[in-house]
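Working through the structure, step by step
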Amino acid sequence: MLFGAPISFEIRAEGGATRLSGRFPYGSETTLGNGRRERFAARAFRSRIEAGENIFLLAGHDPEKPLASTEAGSLTLRDDDDALHIEARVAATTSWAHDALAALAAGLTKGISPGFRVAPGGDVVTRSADGLLRTVTAAELFEVSLVTRPAYDVAQIAARSWDLANEEAPDAGLKRALARWRA
């Protein structure tokens, strides 16, 4: 799993739900530590999306805290050459959905992170003077999560017209990202 990705995210209240829309642009690099960088090639997540597999939007990569899913019709994903496009309708009908929306509103949740497995042969690692660069070309996407510390600096989201707050350990996302990166 990679915690965070470059996105442009929009949040709007719509009828009893909150509508989230954004994009996960391809081609941006991040430094994960120890001379290791990573980027995603165009359409890296296409396999499970095109197969119509059920994919979730989660709060903090917790499978017990689903916010939306493709099977339920509350999450739509489109994998194009430029980005993974994300649209979700989240209703605050559970305590974790309420908390996730409150964290967005308070600015505590700062980005998104895909939960994926790299398919065999789905990445290319090259070495340069700057260290290793892993380019993910094919990954099985299982979920996208709202997270507090995205690995990519430009992975930001913004909330409007909210007043509640939630807390999470500030270094948890970064530690998980570094622990899961494979060269």
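Everything below is about the structure printed above this text.
Just so it is clear, the model here is predicted, and its values are computed rather than measured. Each chain has its residues counted from 1, following the order in which its sequence is written. In view of the model being predicted, local features appear only for residues whose pLDDT reaches at least 70, and side-chain atom pairs are presented and counted only at 80 or more, with totals across whole chains, interfaces and linings using the full set of residues. Side-chain numbers here rest on the full set of heavy atoms in the structure, without hydrogens or water.

Looking at the pairing of strand E11 (residues 131-136)
- Residue exposure (1.4 Å probe, protein chains only): buried if accessible area is under 20% of the type maximum, exposed if over 50%, otherwise partly exposed. Numbering of helices and strands starts at the N terminus; helices are DSSP runs of H or I of at least 4 residues and strands are runs of E of at least 2. Burial analysis of E11 places 6 of its 6 residues in the buried class, which makes it a mostly covered element.
- Pairing between strands is defined by DSSP: at least two bridges between them are needed. Bridge count between strand E4 (residues 36-40) and E11: 5 bridges; the pairing is parallel. Bridge assignment links Phe40 to a residue of E11, and that residue is Val136.
- Across 6 bridges, the pairing between strand E10 (residues 123-128) and E11 is antiparallel. Residue pairing for E11: Val125 is matched across the bridge by Arg134.
- From the end of E10 to the start of E11, which pair antiparallel, there are 2 residues.

Points about the sheet that holds strand E5 (residues 56-59)
- A sheet is described by the order of its strands in space; here 4 strands give the open sequence E6-E5-E12-E9, paired in mixed fashion. Since the sheet does not close on itself, it has two edges, and those belong to strand E6 (66-69) and strand E9 (111-118), each with one partner. Across the sheet, the mean angle separating the axes of adjacent strands is 25° when strand polarity is ignored.
- Sheet analysis places E5 next to E6, joined by 3 bridges and oriented antiparallel. In this analysis an axis means a line fitted to C-alpha atoms, helices contributing only their contacting stretch, and an angle means the value between N-to-C directions, from 0 to 180 degrees.

Structural notes on the nonpolar core
- Counting residues in each nonpolar core, the largest one holds 29 residues, and the members touching the most others are Phe45, Leu57 and Leu84.
- Contributing elements (two or more residues each) for this core: strand E2 (17-25), E5, E6, strand E7 (75-79), strand E8 (83-91), helix H2 (95-106), E9 and strand E12 (139-147).
- Aside from chain neighbours lying at most four places away, what touches Leu84 is Gly22, Arg23, Phe24, Tyr26, Phe45, Ile49, Leu77, Arg78, Asp79 and Leu141. Side-chain atoms within 4.5 Å link the members of a nonpolar core, which is a set of buried Ala, Val, Leu, Ile, Met, Phe, Trp, Tyr and Cys residues. Note on contacts: a residue pair qualifies if any of its non-hydrogen atoms lie within 4.5 Å across the two residues.

A closer look at the sheet that holds E11
- With mixed pairing, the 4 strands of this open sheet are ordered in space as E3-E4-E11-E10. Edge positions in the sheet fall to strand E3 (29-33) and E10, since each of these pairs with one other strand and no more. The sheet shows a mean angle of 25° between the axes of neighbouring strands, direction not considered.

Some points on the pattern of salt bridges
- For salt bridges, the criterion is a side-chain nitrogen of Lys or Arg within 4 Å of an Asp or Glu carboxyl oxygen. Throughout the structure, instances matching the rule amount to 8 salt bridges.
- The residue Glu29 makes a salt bridge to Arg37 at a minimum N-O spacing of 2.9 Å.
- The class of Glu29 is partly exposed, set by a relative accessible area of 40%.
- The closest approach of N and O atoms between Arg48 and Glu53, which form a salt bridge, is 3.6 Å.
- Given a relative accessible area of 13%, Arg48 falls into the buried group.
- Through salt bridges that share partners, Glu29, Arg37 and Arg39 make up one connected network.

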